[in-house]
Amino acid sequence: MAATAALCGAAALVLTIAAPAAADREEHAAAVARSGIVLVTVKWHGWVRDKVTGEVFGGVDGYTVEASCGGAVVDPNGYVATASHCVHTGPEGGAGLLFDAALTDLARVGRVGDPAKAKRAMVEHALAEGAVRDRPVDRVVEVDRPEVDADGNPTWDVAPATVVDLVAPADGDVAVLKVPRDHLPALEVRSDEPPVGASVLAVGYPDPDDRTREPSARAGRLAAHRVLRDRPFHEVTAKTTPQMDGSPVVDEQGRVVGVVSRDSLAATSATLVDLLRGKGIGAAQGVADRNYRTGLDRYFDDDFDGAVEYLDAVLTVDPAHRQASEYRRLAAEKGGTAGRGPALPLVLSVLGWSVAAAVAAALVLVWRQGRPVSVVDTPPLGLPVALGVEPQPDGEGDADQAQRRERALGDDEADDQAEDRDADVEPGSPAPGGPGAAEGDQGDDAGERREDHRA
Amino acid sequence: MLITVISGAVGLAVPSTAAVLSRKSPERCCAAVSGTSRVTPTPLPTTTRTAGPPLCLIGSWRTVDETFMIQFYTGLAKIRFTGKGRVLEFRPDGTASEKQTDLVLTGTYQGNEVRMVGNGTSELTWTATDRAITYPARTRTDITWASYDQRGLIGTWTGQPDPALNEVDDYVCSGDTVVESGSTGYTSHWVRTSAYGTYG
């Protein structure tokens, strides 16, 4: 029992050391994911026409509405994943926003009863269109990415975006955008499905108007796999805001496993992967992404020199990489220095080999000095004659030599060695995790067998 | 003891050396990203559309308080009549309708009550600015009026289409209510109903 308890204790200790705390894992995953998080801003301009009455809402200038969603770079060549309802022109996307604008106007003049019914009526009877009847509304999509300027101050890169392809909101709710940028920090997309219960993070901007904050990482679990209209979805428990729609849901390695949709649902990465493949987009990570990940691995392993080395490599390619810049700063604050290399392993390596070499050299020296004794079996030169031992048979000769070496090494060391030798031969208590425990069990069994035999 | 020391030292050295030897360097790739020649978003195009009729007027209304100055007796001054209950509908296509169901307008002449009772519907055209409604034409009507005084029914009259109506009235629309007024002493207060032009 004591051995089992010791084993459990040892195992717990090993686990404590080996496995980072959940908070650290979350922070690590969030740090990986934050590098690829973007804000997708869509501006819409158009009018709303009631197909039944012909009434056009929007006046001379029409409605201009703006919506923000989250998103994630999934390929360094400028490909961004988001929810399709953020960019779709239909009632669940831009048209819905224009309907809302029209309903606001109508409510102001007393033409709206129940708002929910009014929206349904609008969806059923109206359409959004451009300046010319039946022409599409105007849409401008922008992708905003956090960066740092040359002085390290936070800034934003605002890029125009086009919609490459999408799965309609009522279907899979995933869209892929393209921005004219290269070497963007990109997230890895996980193609397989994480199990129910897996820890996930929804990472995005809960309040897009607050550009001073980092993307928020909302922790949760994958509660269920759902299939809606033949499309897979994840039900997640992470609490998100509507402004986080389109943001990625990532696993504990910061890999994209879904895209925040609506009502606690996330489109699966499988839908995203299908969409990307359909457009021949590889969704591979770039060199800077791999260096960034390794830099974070080093950072969270408390190897701050290594973190600085890798994050510097990221910043060499992408000096505006905000997350790399931030973790590089943190690593430096914790003592990380560029070009210093792996200090502790190097010191331990040199020290270990030095001690081993020195002790081995001493052994060789002593062995050479003691060799005539064993050969001629007479008191060696310089050694006391009276050791209090008799010449030994062959089987005990080693002990004899050992005792002679004790004198050469000194009494204290000899005592230690003797104790070690004793420890080697005594049954003792089994070492945690070693074979001792098993041997003990065998002993118990053997005893029982003996008892049976006696019986 | 010495064996233990050596073992320990080697045990320390081997993994440390392995760590040192296995330690990789960052991957190198490409030239630094330049942010100077980036494409920036273009603003939304500025387009316009001909304005439709005022949003507020579109819909259906019921009059709750009206005043008319009507030439009731031939050759005599107009009499002030009041009433309520006309049903109006203003459509976005520039047409409107007026429906009267036993609409009763009452006035007084020389101490005696006089009445007009209307039934039927009219179709009109209309345009509006933010302050005035113009009725260019009455395109159709079947409204009939019956006139009464202390003697009883004194006559009936059927309305006629009027392609050159060109009636212009001022109005103030404040959501659920409209006050329309004309230069001849006409005033009418309307309240919105849900029969037409509302959502939800």
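Treat the numbers as computed from the prediction; the structure is a model and nothing was measured.

A separate point is the overall build of chain B. Check the secondary structure of chain B and you find one helix and 13 strands. Walking chain B from its N terminus toward its C terminus, one meets helices and strands in the order α-β-β-β-β-β-β-β-β-β-β-β-β-β. By residue count, 20% of the 200 residues in chain B fall in the buried class. When contacts within chain B are restricted to residue pairs at least 6 apart in sequence, those whose partners lie at least 24 apart make up 52%.

Helices and strands together make up the secondary structure of chain A, namely 12 helices and 14 strands. Out of the 455 residues belonging to chain A, those deemed buried represent 41%.

This next bit is on helix α3 (residues 94-108) of chain A. Residues spaced three or four apart along an α-helix face the same direction, because each turn holds 3.6 residues. Residues and elements named next belong to chain A. Relative to the 21 Å expected for 15 residues at 1.5 Å per residue, α3 spans 21 Å between its end C-alpha atoms, a close match to the ideal helical length. Check the buried side of α3 and you find it contacts β1 (37-50), β2 (56-57), β3 (63-75), α4 (115-125), β5 (126-129) and β6 (138-148). Just downstream of α3, Gly110 is the residue with a positive phi angle, here 75°.

What follows concerns the nonpolar core. Residue and element names in this part refer to chain A. Among the nonpolar cores identified, the biggest contains 115 residues, and Val74, Val80, Leu98, Ala102, Val174, Leu201 and Val249 are the most heavily contacted of them. Top contributing element to this core by residue count: helix α7 (residues 304-317), with nine residues. Not counting residues within four places of it along the chain, the set of residues in contact with Val174 comprises Ala81, Ala83, Ser84, Leu166, Val167, Val259, Ala267, Thr271, Leu272 and Leu275.

Turning our eyes to something else, we now look at the packing of helix α6 (residues 287-300) of chain A against α7 of chain A. All names here are of chain A. With their axes 7 Å apart at the nearest point, α6 and α7 run at an angle of 160° to one another. Comparing their axes, α7 and α6 come out roughly antiparallel. The handedness of the crossing between α6 and α7 is left-handed. Contacts between α6 and α7 involve Val287, Ala288, Asn291, Tyr292, Thr294, Gly295, Arg298 and Tyr299 from the first element and Phe304, Gly306, Ala307, Tyr310, Leu311, Ala313, Val314 and Val317 from the second. Here the residues of the contact of α6 with α7 sort into 11 nonpolar, four polar and one charged.

Okay, the sheet that holds strand β11 (residues 231-236) of chain A next. Residue and element names in this part refer to chain A. Reading around the circumference, β9-β10-β11-β14-β13-β12 is the order of the six strands in this closed barrel, with antiparallel pairing throughout. Neighbour to neighbour, the strand axes of the sheet diverge by 45° on average, direction disregarded. Sheet strands in contact with helix α2 (residues 22-34) are β9 (199-204), β10 (216-228) and β12 (248-250), and its direction is about 40° off that of β9. Most of the contacts of helix α5 (residues 269-278) go to strand β14 (residues 265-268), to which it runs at about 40°, and overall it touches β11, β13 (256-260) and β14.

It is worth spelling out the domain arrangement of chain A at this point. Residue and element names in this part refer to chain A. According to the domain assignment, chain A consists of domain 1 (22-278), domain 2 (287-333) and domain 3 (370-435). Spacing between the C-alpha centres of domain 1 and domain 2 amounts to 29 Å. Taken residue by residue, the interface counts 15 residues in domain 1 and 14 residues in domain 2. Among the elements that take part in the side of domain 1 that touches domain 2, α2 stands out by supplying five residues, more than any other. Residue composition of the side of domain 1 that touches domain 2, by class: eight nonpolar, four polar and three charged.

This part takes up unusual backbone geometry. Most peptide bonds take the trans configuration, and most residues that are not glycine carry a negative phi. Residues and elements named next belong to chain A. Phi angles above zero are rare outside glycine, and Asp134 is one such case at about 70°. Position of Asp134 relative to the elements: it lies in the loop between β5 and β6. Judged by C-beta crowding, with 8 C-beta atoms within 10 Å, Asp134 ranks as exposed. Its identity as a non-glycine residue notwithstanding, Asp302 has a phi of 65°, on the positive side.

Let us look at the packing of α6 of chain A against helix α8 (residues 322-333) of chain A. Residue and element names in this part refer to chain A. Here α6 crosses α8 at 30°, and the two axes come no closer than 11 Å. Considered as vectors, α6 and α8 are oriented roughly parallel to each other. As α6 runs across α8, the sense of the crossing is left-handed. In this structure, α6 uses Tyr292, Gly295, Leu296 and Tyr299 to contact α8, whose residues at the interface are Ala324, Tyr327 and Ala331.

Let us now look at α5 of chain A. All names here are of chain A. Within α5, seven of the 10 residues are buried, which leaves the element mostly enclosed by the surrounding structure. Three or more residues of α5 are buried, namely Ser269, Ala270, Thr271, Leu272, Val273, Leu275 and Leu276. Once α5 finishes, Gly280 follows within two positions and takes phi at roughly 70°, a positive value.

In this section: the pairing of β11 of chain A. Residue and element names in this part refer to chain A. The sheet contact formed by β10 and β11 spans six bridges and is antiparallel. Looking across to β11, one finds that Ala224 is bridged to Glu235. Where β10 folds back on β11, the antiparallel hairpin that results is connected by two residues, among which Arg229 adopts a positive phi of roughly 50°. For β11 and β14, the ladder comprises three bridges, and the chain directions are antiparallel. Bridging across to β14, Phe233 finds its partner in Ala267.

Structurally, Gly152 of chain A is set in the loop between β6 and β7 (154-167). Sequence separation of Gly152 of chain A and Ala320 of chain A is 168 residues, and the distance between their C-alpha atoms is 7.9 Å.

The next point concerns the confidence of the model for chain B. Reading fine detail from the predicted coordinates is not recommended where pLDDT is low. In this model, chain B carries a mean pLDDT of 91, and residues with pLDDT of at least 70 account for 87%. Prediction confidence for the complex, expressed as pTM and ipTM, is 0.74 and 0.84 respectively.

The next subject is the environment of Gly71 of chain A. All names here are of chain A. With respect to the helices and strands, Gly71 occurs in strand β3. On the basis of neighbour count, Gly71 is assigned to the buried category, with 33 C-beta atoms found within 10 Å. Placed 35 residues apart in sequence, Gly71 and Gly36 show a C-alpha to C-alpha distance of 8.3 Å. Not counting residues within four places of it along the chain, the set of residues in contact with Gly71 comprises Val38, Val40, Val80, Ala81, Thr82, Val143, Gly246 and Ser247.

So, about the pairing of β7 of chain A. Residues and elements named next belong to chain A. As defined by bridge partners, β6 adjoins β7 across eight bridges and the pair is classed as antiparallel. Within β7, the position partnered with Val148 by the bridge is Pro154. In this antiparallel pair of consecutive strands, β6 and β7, the connection spans five residues, and Gly152 shows a positive phi of 85°. Bridge count for β7 against strand β8 (residues 174-178) is five bridges, and the pairing is antiparallel. Along β8, the bridge assignment pairs Thr162 with Lys178. The hairpin turn running from β7 into β8, its antiparallel successor, is six residues long, and Asp173 in that turn takes a positive phi close to 60°.

The next point concerns the environment of Arg218 of chain A. Residues and elements named next belong to chain A. Among the secondary structure elements, Arg218 is positioned in strand β10. As for Arg218 and Val137, which are separated by 81 residues in sequence, their C-alpha atoms are 34 Å apart. In this structure, Arg218 is in contact with Leu201, Ala202, Ala238, Lys239 and Thr240, ignoring residues within four places of it in sequence.

A residue-level look at chain A finds 71% of positions with pLDDT of 70 or above and a mean pLDDT of 79. Across residues 1-18 of chain A, where pLDDT falls below 50, the model places nine contacts with residues more than four positions away in sequence or in other chains.

About the thresholds
Residues numbered from 1 in each chain as written. Chains lettered and ligands numbered in written order. Predicted model: local features only at pLDDT ≥ 70, side-chain atom pairs only at ≥ 80, totals over all residues. Helix = DSSP H or I, 4+ residues; strand = E, 2+ residues; numbered from the N terminus. Buried ≥ 20, exposed ≤ 12 C-beta atoms within 10 Å, placed from the backbone. Contact = placed C-beta atoms within 7 Å. Expected span 1.5 Å × (residues − 1). Core = buried A, V, L, I, M, F, W, Y, C linked by C-beta atoms within 7 Å. Axes fitted to C-alpha atoms, helices over the stretch in contact; angles between N-to-C directions. Parallel < 35°, antiparallel > 145°, perpendicular 65-115°, else oblique. Left-handed = near helix turned anticlockwise from the far one by under 90°. Nonpolar A, V, L, I, M, F, W, Y, C, P; charged D, E, K, R; others polar. Pairing = 2+ DSSP bridges. Domains from an automatic or database assignment. pLDDT = per-residue confidence, 0-100.

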